[in-house]
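# Residue-level structure breakdown
Each chain, letter by letter, is given below.
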Amino acid sequence: MDSGRSSKRRDHRIIIHFDYQSFYAAVFEAEDPSLKTVPFGVQQKQIIVTCNYEARKRGLHKLQLVRDAKKICPEVVILLGEDLSKFRDVSKRLYSFLRSFSWSNKLERLGFDEVFMDVTDMVDYNAELVNHRDLSNSFFCMSRDDPTVGFPFDASHVAGHTYPGHRNGAQIPESDTLLLRLRLGSHLASHIHAQLEEQMGYVSAVGISTSKLLSKLAGTMHKPRGLTTLLPPYVPQDDEPGNVILFMDQFDVGKVPNISSRMARKLQDHLSQRSPHGDQERTYQGPKGLTVRDVRTSPGMGPILLDRLLSGPGVPHGVGAKLWDLLNGIDNTEVGQARDVPRQISIEDSYGRLDKLEDVQLELGKLARSLIKRMRIDLTDDDDDADEKAEKEDERCPSNLPNAGTRRWLAYPKTLRLSTRPRPPANSDASRSYNHGRISRSAPMPPFMHNLTESVDTIAEKLVTDNLVPLFRRLHPKKDGWNLSLMNVAVTDMTEGAGDSKNASGRDIGKMFKAQEHSLKSWNAGEQDVPPPQNPGDMEILDPVVQRSTSSDWQGSEDTMPLSQSSQASYIHGGWESEEDGDDGRYSSELSLCTLCGARMPDFAYPAHQRFHEADDRGKPF
DNA sequence: AAGGCATAG
DNA sequence: CCTTCTATGCCTT
């Protein structure tokens with residue numbers, strides 16, 4: 001049992017955390033810069049999910065009811081934000097932009113608006129290069145091959161803000177290499193931060209430290225656009241606690257990443273229980289006022305006690321030790337490697353009332369259409385890599401539209417899932433309604449979902465009647481009266497895909513799948529009962545006769561969809577590309593479109609962006 | 001494997 | 001306490 005052991009600090013890494021300022025609002029402002037001077041909020045259903053700075057000045061904030069927002073600020077402009085595709089696209093472009101600076105590709109997105117970047121390799125490389133006799137005139141090398149790529153900087157100071165704010169150089173030992181590496185990290189961060197704003201037009205807050213935990217928390221100190229570096233010494237010296245403990249101690253426990261409000265509440269319960277001075281007047285507020293220090297220094301506190309307080313159903317093993325590490329500013333989790341395809345894709349909508357099968361079918365149809373479009377955007381790629389499809393001069397299709405001639409699947413999701421959330425029964429006794437649970441049923445992915453020659457509408461309709469409605473009936477056998485507040489359709493369990501371009505397995509699998517589709521068609525012409533393989537990776541040994549179905553869920557109707565085979569003409573003309581929703585084709589006269597990478601940006605950003613492409617002789621972001 | 005919970009933005 | 005629309009990972013069965 002190591003549940004009672006805490007980890008040691010390991011400060012060999014340098015990690016930068018970026019947090020874009022009010023991201024959804026920033027996307028709208030990038031689209032239409034004139035919005036910057038008007039207060040607006042982004043609405044999903046009856047909620048303002050975020051708002052711009054002008055609106056915040058007037059007292060609006062995130063997750064506010066639209067009605068409340070209008071009361072406080074009647075002139076507020078409301079923009080619809082239920083369709084996330086725009087935000088997802090921009091998030092990916094910014095991620096690619098940031099990745100273009102990295103040597104290791106150790107970059108991790110958290111939600112749409114945060115990125116962790118492990119720059120240990122770049123920092124260590126440059127730490128070897130600096131002239132300790134003349135730190136003020138340093139040059140940060142951003143390429144291992146070309147020593148002219150980089151920027152001049154002053155390595156004798158940290159760029160941006162620091163914690164603690166008052167620097168006292170005398171406290172830091174002369175030989176502290178961590179200080180130098182943090183300085184280098186701060187200047188690299190500062191450079192990227194500036195480029196992100198100048199070239200892409202997005203403002204961010206940035207934190208620099210040695211872990212995801214510390215860099216993310218550091219970045220909160222000077223929002224919305226500041227850089228903050230957590231200074232050494234990180235380990236206690238003599239009688240001083242060290243800056244990590246000082247830094248962590250000030251935060252409310254609930255604000256520490258990976259300490260949820262739920263855990264914070266349990267901790268608070270524990271502390272107020274043994275507090276002799278009637279602290280229990282705090283009836284139902286959040287984690288307010290309970291700081292890391294309060295918890296860390298409370299009697300008997302440690303991994304063992306935390307385990308006892310927090311363990312339970314649904315809680316990972318070893319919570320106590322993990323929590324204790326977090327309270328002490330220790331987080332050795334790696335920055336995740338970039339993933340090429342998501343683990344799952346899901347589409348959901350919420351409803352005021354959903355009670356009739358007819359409505360359910362209608363809504364399932366909408367969800368299915370969105371899902372299929374998303375699968376085609378996020379799970380496919382251009383087929384030709386050797387092909388010289390050299391620049392036809394009108395090659396300015398927005399990068400998110402997969403309208404190129406040939407597409408292949410990067411990944412094949414193996415399972416389909418339908419989830420619903422019944423509205424909590426309006427209970428007479430007040431207290432017991434703490435369910436907001438979702439329930440779900442899943443089934444094998446029907447193979448026609450991977451047919452790229454059929455239209456989205458055709459496939460969606462078949463999916464609804466053959467698969468989603470049966471799943472729905474499994475969830476809700478009663479014929480009506482389910483009061484659903486939400487439905488979600490997901491595809492998951494992606495097979496392989498395997499990251500980098502050297503690995504051609506995705507391509508091979510795609511070819512196998514196409515071959516399989518073809519043979520399937522002829523088999524299906526007479527044989528209704530032969531399913532395609534569930535696992536494309538096994539296709540090489542494929543003999544349709546021996547494939548067996550483990551479930552009949554995907555196999556519903558007698559009228560199998562006409563699997564018109566891969567005629568290019570059918571794809572191009574019958575195309576789902578004509579099916580594009582108009583929102584993405586929208587353009588504003590205030591925007592420039594980069595012909596090199598497809599980035600959309602405000603006019604002022606365009607020249608700098610072009611210079612970026614010219615100056616960058618390493619791998620292009622796109 | 002299926003289904004639910006927890007956590008995050 | 002929740003509200004929106006997702007995504008990920010772990011737990012139990």
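Conventions adopted
Residues numbered from 1 in each chain as written. Chains lettered and ligands numbered in written order. Predicted model: local features only at pLDDT ≥ 70, side-chain atom pairs only at ≥ 80, totals over all residues. Heavy atoms only, no water. Core = buried A, V, L, I, M, F, W, Y, C linked by side-chain atoms within 4.5 Å. Buried < 20%, exposed > 50% of the residue type's maximum accessible area, 1.4 Å probe, protein only. Helix = DSSP H or I, 4+ residues; strand = E, 2+ residues; numbered from the N terminus. Domains from an automatic or database assignment. Contact = heavy atoms within 4.5 Å. Polar contact = N/O pair within 3.5 Å; in protein donor to acceptor, adjacent residues only side chain to side chain. Near = heavy atom within 4 Å. Nonpolar A, V, L, I, M, F, W, Y, C, P; charged D, E, K, R; others polar. Disulfide = S-S within 2.5 Å. pLDDT = per-residue confidence, 0-100. Salt bridge = Lys/Arg side-chain N within 4 Å of Asp/Glu carboxyl O. Pairing = 2+ DSSP bridges. Axes fitted to C-alpha atoms, helices over the stretch in contact; angles between N-to-C directions.

Chain A appears in an unreviewed UniProt entry as DNA/RNA polymerase from Trichodelitschia bisporula.

This part covers the nonpolar core. F23, L98, Y202, F247 and M248 are the most contacted members of the largest nonpolar core, which has 82 residues in total. Among the elements that take part in this core, helix 6 (residues 177–200) stands out by supplying 9 residues, more than any other. Per-domain counts for this core show at least three residues from each of domain 1 (15–237) and domain 2 (253–327). Filtering out sequence-adjacent residues up to four positions away, M248 remains in contact with L213, L214, L217, V256, V292, L326, L327, N328 and G329. With 39 residues, the next largest nonpolar core counts Y351, A411, F448 and L463 among its residues.

Before going further, it helps to examine the side chain of N126. In this fold, N126 is placed in helix 5 (residues 120–129). N126 sits in the buried class, given a relative accessible area of 0%. Here the side chain of N126 touches C141 through a polar contact of 2.7 Å, landing on its backbone nitrogen. In this view, N126 contacts F139, F140, C141 and L184; residues no more than four positions away in its chain are not counted.

Let's shift gears to the protein's contact with DNA strand B. Close to DNA strand B lie 15 residues; D113, K216, N258, S440 and S442 are nearest. Within the contact set of DNA strand B, a phosphate oxygen lies 2.6 Å away from a backbone nitrogen or oxygen of N258. A distance of 3.5 Å separates a phosphate oxygen of DNA strand B from a polar side-chain atom of R474. At 4 residues, strand 17 (residues 439–444) tops the list of elements feeding residues into the surface near DNA strand B. Of the residues in the surface near DNA strand B, the class split is 4 nonpolar, 5 polar and 6 charged.

Applying the stated criterion to the full structure yields 0 disulfides. Distance from the sulfur of C51, which forms no disulfide, to the nearest cysteine sulfur (C73) is 9.3 Å.

Now for the confidence of the model for chain A. Across chain A, pLDDT averages 77, with 69% of residues at or above 70. Low confidence marks residues 428–434, where pLDDT is under 50. Its contacts with residues over four positions away, or in another chain, come to 1 contact. Taken as a whole, residues 612–622 scores under 50 in pLDDT and shows 22 contacts with residues more than four places along the chain or in a different chain.

Attention now moves to the protein's contact with DNA strand C. Taken together, 27 residues are adjacent to DNA strand C, and Q44, H317, R343, S346 and R374 come closest. Counted by atom, the contact set of DNA strand C within 4 Å of the protein is 74% sugar and phosphate. A distance of 2.8 Å separates a base oxygen of DNA strand C from a polar atom in the side chain of Q44. Listed by contribution, the elements that provide at least two residues to the surface near DNA strand C are strand 3 (47–51) and strand 13 (344–350). Of the residues forming the surface near DNA strand C, the biggest block, 7 residues, is contributed by strand 13. For the surface near DNA strand C, a count of residues per class yields 9 nonpolar, 7 polar and 11 charged.

As a further point, take the pattern of salt bridges. Summed over all chains, the structure comprises 23 salt bridges. A salt bridge links K86 to E31; the nearest nitrogen and oxygen atoms lie 3.6 Å apart. Pair noted here: K86 is in helix 4 (residues 85–99) and E31 is in helix 1 (residues 23–31), with a separation of 55 residues, a long-range link. By relative accessible area, K86 is classed as buried at 15%. Put simply, E108 and K212 hold a salt bridge, and the shortest N to O gap is 2.9 Å. Here K212 lies in helix 7 (residues 212–219) and E108 lies in strand 6 (residues 107–110), a separation of 104 residues in the sequence. The network of salt bridges with shared partners includes E54, K57, R58 and E75.

Take the sheet that holds strand 4 (residues 64–65) next. Judged by pairing direction, the sheet is mixed, and its 4 strands sit side by side in the order 4-3-2-5 without closing on themselves. Where the open sheet ends on each side, the last strands, each with one partner, are strand 4 and strand 5 (77–80). Examined bridge by bridge, strand 2 (residues 40–44) and strand 5 share 4 bridges and lie parallel to one another. Across the sheet, the residue bridging to G41 is I78, located in strand 5. Seen against the sheet, helix 1 touches strand 2, strand 3 and strand 5 and runs at an angle of roughly 115 degrees to strand 2.

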